[in-house]
Amino acid sequence: MLVMKKSVWWLVGLSFALSLVVPNGYSIGMAVLFIAGLSVPFLKDKIKLTTGDLLLVVVFFIYFLLMVGFVYLDGWHTRELDRPSRFLFVIPAFLLMLYCNGPKVALWLGAIIGSFGALGIAVYERFALNYSRAKGGEHPIMFGDTSMLLGLLCAVAALYFFSKRQFAYTVIALLAALSGVLGSLLSGSRGGWVAVPLILFFLLWQSRELLGKKLIVGLLLIGAVSLGAILSVPSLGVTQRLQAAVHNVEAYVAGNPNTSVGLRFEMWKANLYLFTTSPIVGVGEYHGMELKKQLADQGKMAPAAAQFSHAHNEYIDALGLRGIVGFLALMAVYLVPLRLFLAKMRKYKDNWNVKAYSMAGALVPMSYMDFALTQSMFSHNIGVMMYVFPIAFFWAATRWAEREAKGEA
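Everything quoted here is computed from the prediction, not taken from an experiment.

### Focus: the layout of surface pockets
Here is step 1 of the chain: If you add up the space inside the largest pocket, you get close to 1200 Å³.
Here is step 2 of the chain: Sorting the residues of the lining of the largest pocket by element identifies helix H6 (140-163), helix H7 (167-187), helix H9 (195-206), helix H11 (213-232) and helix H12 (238-253) as the ones contributing at least two each.
Here is step 3 of the chain: Residues of the lining of the largest pocket, tallied by class, amount to 30 nonpolar, 5 polar and no charged.

And the structure:
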């Protein structure tokens, strides 16, 4: 049993470490955790669930059931149940982790290795293979956003190690955080870049007492210099991507929708129209494709935009395809975990053994709520897996750290 409890947490670390290094690497550890989690009903000792534990289970389960209902209303294309099923499959893994206390440091080590790996893949693809955008076997946006998430988690890992005065690990974690961000920059995924200043401000504010004013000022100066360096290096392509976004908007205003940003505007406009036709439960993905084709034939949207199955915006996508019910379900999936993690951060504001895990957990919905502005994350397998499982990972880690703080573990 002791071996199993330890191996569970190393599987968690493996999920992060392989997430972008090998195709579908994120699913390897997660799949094993799901299979192992099926043994939960046969465990000798019962798992004592708190209100927070039950809330997560209920929210994920209800979201899955609603997605089943939406698939049924849209013609019962059962292949569309694949991605929502992850909200169900995470539950056994989550319960197993609540049962198994082990080396939670595997979370940080996995994220660190994953961030370094993401940068390695990005550098190889951009400068050895001469790809215009790094993608690592995924869509460039999904690669970039996942790399950004890993980098931000490493920033929290740095705070965790700093609180323990483990300065060598702190430096390694900081380098990994930079690696994750650079991996995102090399992917050219502009939507994820918005998260950096907002979340870094959140991290610095929450750790102001741990770091002290002088160190925070120093970090801000380093950040400003790093930003200037990033913008001044042409090979990174950051400045070019930002300029392209501005030009895309100008082209759209001038009447040319056939650009990256312009097509997004067209998709958003179309999905908002679909929402007005069925505001309660939406029109569904397959029916929505038919309606968008009609809009394109009528000249009401760009034909190129009508070919996309989702709106490249999670919120507008939910409104158009699943209506108010789907939109509220999406917000519940974001806000319930976020509220739970923030509550733990407030309760243990001076205990970094607990606070670090809850802070990292809070970053997952925070990051996804930013990514969702320009991408439909849950329309991709990696997007769903790297949301529900990390939330389960960090909540279980928070609960065990809390029990240790109370002397109950």
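### Overview of the UniProt feature "domain: O-antigen ligase-related" (unreviewed entry) in the protein
Here is step 1 of the chain: What UniProt calls "domain: O-antigen ligase-related" (unreviewed entry) maps, in this numbering, to residues 176-330.
Here is step 2 of the chain: The span residues 176-330 is 75% helical and 0% strand by assignment, and the distance between its end C-alpha atoms comes to 31 Å.

### Side note on H7
Because an α-helix completes one turn every 3.6 residues, residues spaced three or four positions apart along the sequence face the same direction.
Here is step 1 of the chain: The terminal C-alpha atoms of H7 lie 30 Å apart, and with 21 residues this matches the ideal 30 Å at 1.5 Å per residue to within 8%.
Here is step 2 of the chain: Following H7 by one or two positions, Gly188 adopts a phi angle in the positive range, close to 70°.

### Digging into the side chain of Thr259
Here is step 1 of the chain: Within the secondary structure, Thr259 is located in the loop between H12 and helix H13 (260-277).
Here is step 2 of the chain: Excluding residues that lie within four positions of it along the chain, Thr259 makes contacts with Asn248 and Ala251.

### Topic: the nonpolar core
Generally speaking, a soluble globular protein has its nonpolar side chains buried in company with each other.
Here is step 1 of the chain: Within the largest apolar cluster, 116 residues are counted, with the highest numbers of intra-cluster contacts made by Trp108, Tyr368 and Phe378.
Here is step 2 of the chain: Ranked by size, the runner-up nonpolar core spans 12 residues in total, among them Trp268, Leu295, Ala296 and Met301.

### Observations regarding the confidence of the model for the protein
Here is step 1 of the chain: Looking at the protein as a whole, the pLDDT averages 93, with 99% of positions reaching at least 70.
Here is step 2 of the chain: The lowest-confidence element of the protein is helix H8 (residues 190-193), averaging 83 in pLDDT; the highest-confidence one is helix H15 (residues 314-347), averaging 98.

### What about a nonpolar patch on the surface?
Here is step 1 of the chain: Side chains of Tyr72, Leu73, Trp76, Ile280, Val281, Ile324, Val325 and Leu328 sit close together on the surface and give an oily, nonpolar patch of about 770 Å² of accessible area.
Here is step 2 of the chain: Secondary-structure elements contributing two or more residues to the nonpolar patch are helix H3 (51-73) and H15.
Here is step 3 of the chain: Ranked by residues supplied to the nonpolar patch, first place goes to H15 with 3 residues.
Here is step 4 of the chain: Exposure remark for Leu328: the relative accessible area of 53% places this residue in the exposed category.

### Points about helix H14 (residues 285-297)
Here is step 1 of the chain: The terminal C-alpha atoms of H14, which comprises 13 residues, lie 18 Å apart, in line with the 18 Å expected from a rise of 1.5 Å per residue.
Here is step 2 of the chain: Taken together, the buried positions of H14 are occupied by Gly288, Leu291, Lys292, Leu295 and Ala296. Across the axial projection of H14, the buried residues extend over an arc of 145°, all falling on one side. In this structure, H14 carries Lys293 and Asp297 as exposed residues pointing more than 90 degrees from its buried face.
Here is step 3 of the chain: Those residues of H14 that are buried are in contact with H13.
Here is step 4 of the chain: In the stretch just after H14, Gly299 is the one whose phi turns positive, near 75°.

### Structural notes on the packing of H3 against helix H4 (residues 85-99)
Here is step 1 of the chain: Between H3 and H4, whose axes approach to 7 Å, the crossing angle comes to 160°. Taken together, H3 and H4 sit at an angle that is classed as roughly antiparallel. The two elements H3 and H4 meet at a crossing, and its hand is left-handed. On the side of H3, the interface is formed by Asp53, Leu56, Val57, Phe60, Phe61, Tyr63 and Phe64, while H4 contributes Ser85, Phe87, Leu88, Val90, Ile91, Phe94 and Leu98.
Here is step 2 of the chain: Looking at the contact of H3 with H4 residue by residue, the class counts come to 12 nonpolar, 1 polar and 1 charged.

### Some words on the environment of Val364
Here is step 1 of the chain: With respect to the helices and strands, the residue Val364 is situated in helix H16 (residues 352-371).
Here is step 2 of the chain: Taking relative accessible area as the criterion, Val364 reaches 0% and is therefore assigned buried.
Here is step 3 of the chain: Spatially, the C-alpha atoms of Val364 and Tyr334 are 8.9 Å apart, while their sequence positions differ by 30 residues.
Here is step 4 of the chain: Discounting chain neighbours no more than four positions away, the residues touching Val364 are Leu149, Met386, Tyr387, Pro390 and Ile391.

### A closer look at unusual backbone geometry
Here is step 1 of the chain: Not every positive phi belongs to a glycine, and Trp76 is a case in point at roughly 55°.
Here is step 2 of the chain: Topologically, Trp76 is positioned in the loop between H3 and H4.
Here is step 3 of the chain: One non-glycine residue with positive phi stands out, namely Arg165, at about 60°.
Here is step 4 of the chain: For Arg165, the position within the fold is in the loop between H6 and H7.
Here is step 5 of the chain: The exposure class of Arg165 is partly exposed, given its relative accessible area of 48%.

### Topic: the pattern of salt bridges
As a working rule, side chains carrying opposite charge can pair if their charged atoms are close by.
Here is step 1 of the chain: The full count for this structure, using the stated rule, is 11 salt bridges.
Here is step 2 of the chain: In this structure, Asp297 engages Lys293 in a salt bridge whose closest nitrogen and oxygen atoms are separated by 3.4 Å. A residue pair is termed a helical-turn pair when its members lie 3 or 4 positions apart in one helix, as Asp297 and Lys293 do in helix H14 at 4 residues.
Here is step 3 of the chain: Residue classification places Asp297 among the exposed positions, given a relative accessible area of 58%.
Here is step 4 of the chain: Lys293 sits in the exposed class, given a relative accessible area of 51%.
Here is step 5 of the chain: In this structure, Arg322 and Asp317 form a salt bridge, with 3.8 Å as the shortest nitrogen-oxygen distance.

### Digging into the packing of aromatic side chains
Here is step 1 of the chain: Applying the stated criterion to the full structure yields 26 aromatic pairs.
Here is step 2 of the chain: With a centroid separation of 5.7 Å and an interplanar angle of 75°, the aromatic rings of Phe60 and Phe87 are classed as edge-to-face. Pair noted here: Phe60 is in helix H3 and Phe87 is in helix H4, with a separation of 27 residues, a long-range link. Assigned by exposure class, Phe60 and Phe87 land together as buried.
Here is step 3 of the chain: Ring centres of Tyr160 and Tyr357 lie 5.7 Å apart, and the angle between their planes is 50°; on these two criteria the pair is classed as tilted. On the criterion of sequence distance, the pair formed by Tyr160 in helix H6 and Tyr357 in helix H16 is long-range, its members being 197 residues apart.
Here is step 4 of the chain: What links up through ring pairs into an aromatic cluster is the set Phe16, Trp108, Tyr160, Phe161, Tyr169, Tyr357, Phe389, Phe393 and Phe394.

Cut-offs applied
- Residues numbered from 1 in each chain as written.
- Predicted model: local features only at pLDDT ≥ 70, side-chain atom pairs only at ≥ 80, totals over all residues.
- Heavy atoms only, no water.
- 1 Å grid on protein atoms, 1.4 Å probe; cavity = no way out; pocket = protein on both sides within 12 Å on 5 of 7 lines; lining within 4 Å.
- Points joined across faces, edges and corners; volume = space filled by probe spheres on them.
- Helix = DSSP H or I, 4+ residues; strand = E, 2+ residues; numbered from the N terminus.
- Nonpolar A, V, L, I, M, F, W, Y, C, P; charged D, E, K, R; others polar.
- UniProt positions renumbered as here; feature names shortened; annotations may be inferred.
- Expected span 1.5 Å × (residues − 1).
- Contact = heavy atoms within 4.5 Å.
- Core = buried A, V, L, I, M, F, W, Y, C linked by side-chain atoms within 4.5 Å.
- Buried < 20%, exposed > 50% of the residue type's maximum accessible area, 1.4 Å probe, protein only.
- pLDDT = per-residue confidence, 0-100.
- Patch = residues over 30% accessible without salt bridge, like charges linked within 9 Å, V, L, I, M, F, W, Y side chains within 5 Å.
- Areas by Shrake-Rupley, 256 points an atom, 1.4 Å probe, with all protein chains shown as cover.
- Salt bridge = Lys/Arg side-chain N within 4 Å of Asp/Glu carboxyl O.
- Arc of directions from axis to C-beta.
- Axes fitted to C-alpha atoms, helices over the stretch in contact; angles between N-to-C directions.
- Parallel < 35°, antiparallel > 145°, perpendicular 65-115°, else oblique.
- Left-handed = near helix turned anticlockwise from the far one by under 90°.
- Phe/Tyr/Trp six-rings, centres within 6.5 Å; stacked < 30°, edge-to-face > 60°.

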